[in-house]
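Residue-level structure breakdown
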Amino acid sequence: MYQAEVTPCVKLTVEVVRGRNIAKDLDCRKPACKPDPYVKIYIRDSPGAHRQTRRIKNSRNPEWKETFTFWLAHDLSEALAEITLMDSNTLINESMGSVNFELSSLNTNETVTKTFDFNETSQVEIEFTTENRCQSDLRLGKSLCNKEESFRKERKQKIFNSMRELLKKHGKHRRPLTVNEVPVIGVLGSGGGFRASVGYAGVMKALHDTGILDCCMYVNGLSGSSWYLSALYANETFPENGPDGTHNDIRKRLERNPYLGLLCEFLSYRDAAIAKKMAKQPVSYTDIFGMVIGNALLGREKMERTKLSHFQEKIRSGNAPMPILTAVHVNSNQPAAIFHDWLEFNPYEIGIAKYGCFMNTKQFGTKFFCGVQAKKFEENPLHYIMGICGSAYSILFKDYLKEYTKGNRFLSFLLKPIVADSEEPDEKQVKEASKKFNLYEDDLAGEDYNTVVLRTVAVASGYNHDDDTDEEATEEDKIKARKNRLARRDYLKKEENDIPTAMPKPSTEHSENGPNSSKPVDPYSMPIDLDPITAFATPPIDGGIVPESVIDHALIGGIENGYSTDESEEEKEEENQPPRFGCRKLVYEKIFGMDHLRTRGLRTARVFNYMRSMSINKTHPVIKHPHNQGLRKLFKRINKQLNVNKKKMFVADAGIAFNSPYPPMLRRERGVDIILSFDFSARKEDDMDPLKELYLAEEWARITGLPFPKISRDTYKKGLKECYVFRDEEDIKAPIVIHFVLCNINFRKYSAPGCIPREQGDDRGEFNIFSINGEPIPKNPYKTFNFCYSKDEFDKLFQLMHFNTLLHLDTILEQILAYTARYDDE
């Protein structure tokens, strides 16, 4: 339907060579008035639009000889370079003049040297070189990459041998006879937080023990399931020794709430986020959340060094199924139920299949322009992808705080200002959003409230794209960032006793009528001179004050517009005004340092738009399929295209679209024949329809023109069971879907598949995951917002899904045989 194409661009190399007779004016040519000059260059609409040279102290004839690279659209008719000569000062940096240079005067593939005059005396010599570029650093096309094709070839031979052995073991060894008869099997797990992680672990244990995993080409995860896959493939013992080592590790780690670790590790987390922002990379709360989840499941040491591209070693020679993690690209002003693009992460490449445009996994984090690598950054770590894949928890952070503080009076008191002030939609706003986009109530009937919010309200509401910058970090920025981090750490050690350990008492000091007034004052509105990031008075550095712009309070302590020593007068005046914080908010800021959490737009993950300034062409008309009557308006703009003019793109938990990662499995190029689907989605009631996410997947496939078996709405009326099979007898291209739902039926009565009843007194199967007959489960450990599992709670859920999967082993084998039976007719 769509295909991204490279647009020609121009590589502009600018060398700031030297300055001559630099002075502010004629009166400043005295020996005592030597400036500290540097040059700023701004070229609009270019990645890295803001660049500047280093400062040279006390020099009238500085030699910079610094080179900068700018990438520009092919048409230079309106391109301007704004060149400013600056004098660096202790307090305020001063401009010594500015000129505009029309880049359209440059000819292609030539070098031109220009001398620019500033004020009455100063000159700067700059060299410009242009070069046309049409070659892409991205992979374009809907086909699979060469590395995945090679993997499939090697893996299929191993699957053929494993499948022959498996079917022979069960007395069903007639087929397959050749490698070409082997079905491509994909396993996918839904979202559901740690409930999904633990449940998926039980599934993998069963698939490994039975030999089914050795017959699978792909394993796919979304949100909590993607966290488990990340932990599985990051474990040193997998795949050689199976998944048991991973399960034992996760079982121990989940005993501790990861957010408690946040209190211990927050300074290092925040420093990592600030360092990323100082390098002019996008940062949001998802960065912090990814570190929290990564630390919880991988451990600090492994979290720091593991990257998704490292998984190539795990699947080398087809030794294990290829893991695929999923997220969605969303618009800031539209709900995900209306528009989204599925984004897949695998060890070889990352991209959106809808546009046929992919980057090498090692390039994730790099800035692209017109398909060309404009600024190389190191590959983002695995924990950042884990944060993106589960970012619904970042977006719903207010709800987590409510859940986390429930029953704890002190924490409720402490966090009340943040929870109360968070910009979260209420039920009225959700209904208004639904009405605005013509979403009917029955489209989302039966969903829990958080799911409705995520699917009907724009996840990045409150974010202004105009705030995005194309500024590049300078060496001085990096040096000052390091000095600021060290100073903050030293200062925090001195002030660590300032965090209250009990509720503050009312005070009569600091009232409006003076310190001696008898009029009591609200202790929660006392003015305190604080740095808005560290929540401590800003420490002095080199005899001065750290500019607030170094650690802009808009984001992670960090610099929504980047570090700059050229603050405007308005910014300086605002900087000198101490912010006002109440005591409770003060404590929160001391612990978290993130007042920006109130804004949903700053909690959603942002990454560089890797298709920026490319063209997206429609390759063939959109195939319009009739909508299901039960889902009349969902996905109605799914065939619209991404805005290539945006510098950054919002990427979120794919569960806000629908909670099962079918799209990567449905790509025609992968040709998946059998899908083992495991759904860990929340249900209000245990007996509610467990196939809702499957209905959404079917609707998505219909709209995008991909084959998918028909899912009858009467299926569930026959009763709840652990496994359902769907196949389309009329369309052999549609995959066979074996769909497992999270329910506790036979596990209550039997200790193992094969009708082995539990012994008297064995109550391990007596537990509920979802409420029964409207009765809420007290202290339910399996709710979506629970991030802590005791070993007993882990074992129950793990064993449940292990049991349910083994219970239907014959069902899986029968469908494999049913697929291979197609070759009997041939």
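Because the structure is predicted, anything quoted here is derived from the model rather than measured.

**So, the sheet that holds strand 7 (residues 94-102)**
Here four strands make up an open sheet; going across it, the order is 4-3-6-7 and the pairing antiparallel. At either end of the open sheet lies a strand with only one pairing partner, and these are strand 4 (50-52) and strand 7. Strand-to-strand, the axes of this sheet are offset by a mean angle of 20°, without reference to chain direction. In this structure, strand 6 (residues 80-87) lies alongside strand 7, joined through seven bridges in antiparallel fashion. Across the sheet, the residue bridging to Asp87 is Glu94, located in strand 7.

**As for the side chain of Thr805**
Mapped onto the secondary structure, Thr805 falls in helix 21 (residues 791-807). Since its relative accessible area comes to 3%, Thr805 is described here as buried. Of note is the side chain of Thr805, whose polar atom sits 2.7 Å from the backbone oxygen of Met801. Excluding residues that lie within four positions of it along the chain, Thr805 makes contacts with Val203, Ala206, Leu207, Phe678 and Phe740.

**Side note on helix 6 (residues 285-298)**
In this model, helix 6 (14 residues) spans 19 Å end to end at C-alpha, consistent with the 20 Å of a helix rising 1.5 Å per residue. Extensive coverage of helix 6 is indicated by the burial of 14 of its 14 residues.

**Quick word on the confidence of the model for the chain**
When pLDDT is averaged across the chain, the result is 78; 71% of the residues are at 70 or more. Taken together, the stretch residues 440-444 has pLDDT below 50 and engages in 12 contacts with residues farther than four places along the chain or on a different chain. For the stretch residues 491-598, pLDDT sits under 50, and the model shows 215 contacts to residues farther than four places along the chain or on other chains.

**Things to note about the pairing of strand 8 (residues 111-118)**
For strand 8 and strand 9 (residues 122-133), the ladder comprises eight bridges, and the chain directions are antiparallel. Within the sheet, the bridge partner assigned to Phe116 lies in strand 9 and is Val124. Between strand 8 and strand 9, which follow one another and run antiparallel, lie three residues, and Asn119 among them has a positive phi close to 45°.

**Quick word on the sheet that holds strand 8**
Taken together, four strands build an open sheet; the order of strands is 5-2-9-8 and the sheet is antiparallel. With partners counted over all chains shown, the strands left at the sheet margins are strand 5 (63-73) and strand 8, one partner each. Sheet twist, expressed as the mean angle between neighbouring strand axes with direction ignored, is 25°. Here nine bridges tie strand 2 (residues 9-20) to strand 5, and the two strands are oriented antiparallel to one another. Pairing of Val10 across the sheet is with Leu72, part of strand 5.

**A closer look at the pattern of salt bridges**
Between side chains of opposite charge, pairing is possible as soon as their charged atoms come close. Summed over all chains, the structure comprises 30 salt bridges. Across the pair Arg702 and Glu698 runs a salt bridge, and its minimum N-O distance is 3.4 Å. Linking Arg702 with Glu698, this pair stays in helix 19 (residues 692-704), spanning four residues, or about one helical turn. Taken individually, Arg702 and Glu698 each receive the classification buried, so the pair is uniform in this respect. The salt bridge involving Lys796 is made with Asp792; its shortest N-O contact spans 3.6 Å. Here Lys796 pairs with Asp792, and both are found in helix 21, just four residues apart, close to one helical turn. Look at Asp792 and you get partly exposed, because its relative accessible area is 46%.

**A closer look at the environment of Met614**
With respect to the helices and strands, Met614 occurs in the loop between strand 21 (605-608) and strand 22 (615-618). Sequence separation of Met614 and Val372 is 242 residues, and the distance between their C-alpha atoms is 9.6 Å. Setting aside chain neighbours within four positions, we find Met614 in contact with Ala4, Glu5, Val6, Thr7, Leu138, Leu140, Cys357, Cys370, Gly371 and Val644.

**Observations regarding helix 2 (residues 193-210)**
An α-helical turn contains 3.6 residues, so any two residues separated by three or four positions project in the same direction. Here helix 2 contains 18 residues, and its C-alpha end-to-end distance of 26 Å stays within 8% of the 26 Å for a straight helix at 1.5 Å per residue. The buried count for helix 2 comes to 16 of 18 residues, which makes it a mostly enclosed element. Just downstream of helix 2, Gly211 is the residue with a positive phi angle, here 95°.

**Structural notes on the packing of aromatic side chains**
Within the structure shown, the criterion is met by 25 aromatic pairs. Between Phe194 and Phe787, the ring centres sit 5.3 Å apart and the planes meet at 70°, which makes this aromatic pair edge-to-face. Residue Phe194 is located in helix 2, and its partner Phe787 is located in the loop between strand 28 (756-757) and helix 21; the two are separated by 593 residues in the primary sequence. Pair check on accessibility: Phe194 and Phe787 agree, each one buried. The side chain of Arg51 reaches across the aromatic face of Phe70, ending 5.7 Å from its centre.

**What about the pairing of strand 14 (residues 341-345)?**
Counting buried positions over the five residues of strand 14 gives five, a clear majority of the element. Across the two faces of strand 14 the burial is the same, with Asp341, Leu343 and Phe345 and Trp342 and Glu344 all buried. Pairing of strand 13 (residues 322-330) with strand 14 involves five bridges; the strand directions are antiparallel. Across the sheet, residue Val328 finds its bridge partner in strand 14, namely Trp342. Alignment of strand 14 against strand 15 (residues 349-352), held across two bridges, turns out to be antiparallel.

**Let's talk about unusual backbone geometry**
With an omega of 5°, the peptide bond running from Phe238 to Pro239 counts as cis. The residue Pro239 is located in the loop between helix 3 (224-234) and helix 4 (244-253) in this model. The phi angle at Ser223 is positive, at roughly 55°, despite the residue not being glycine. Take Ser223: it is sitting in the loop between strand 12 (218-222) and helix 3. We classify Ser223 as buried; its relative accessible area is 2%. Its identity as a non-glycine residue notwithstanding, Cys370 has a phi of 55°, on the positive side. Locating Cys370 in the fold gives a position in the loop between strand 17 (367-369) and strand 18 (372-375). Relative accessible area serves as the criterion here: at 1%, Cys370 is assigned to the buried category.

Reading the values: rules and limits
Residues numbered from 1 in each chain as written. Predicted model: local features only at pLDDT ≥ 70, side-chain atom pairs only at ≥ 80, totals over all residues. Heavy atoms only, no water. Pairing = 2+ DSSP bridges. Helix = DSSP H or I, 4+ residues; strand = E, 2+ residues; numbered from the N terminus. Axes fitted to C-alpha atoms, helices over the stretch in contact; angles between N-to-C directions. Buried < 20%, exposed > 50% of the residue type's maximum accessible area, 1.4 Å probe, protein only. Polar contact = N/O pair within 3.5 Å; in protein donor to acceptor, adjacent residues only side chain to side chain. Contact = heavy atoms within 4.5 Å. Expected span 1.5 Å × (residues − 1). pLDDT = per-residue confidence, 0-100. Salt bridge = Lys/Arg side-chain N within 4 Å of Asp/Glu carboxyl O. Phe/Tyr/Trp six-rings, centres within 6.5 Å; stacked < 30°, edge-to-face > 60°. Lys NZ or Arg CZ within 6 Å of the ring centre and 35° of its normal.

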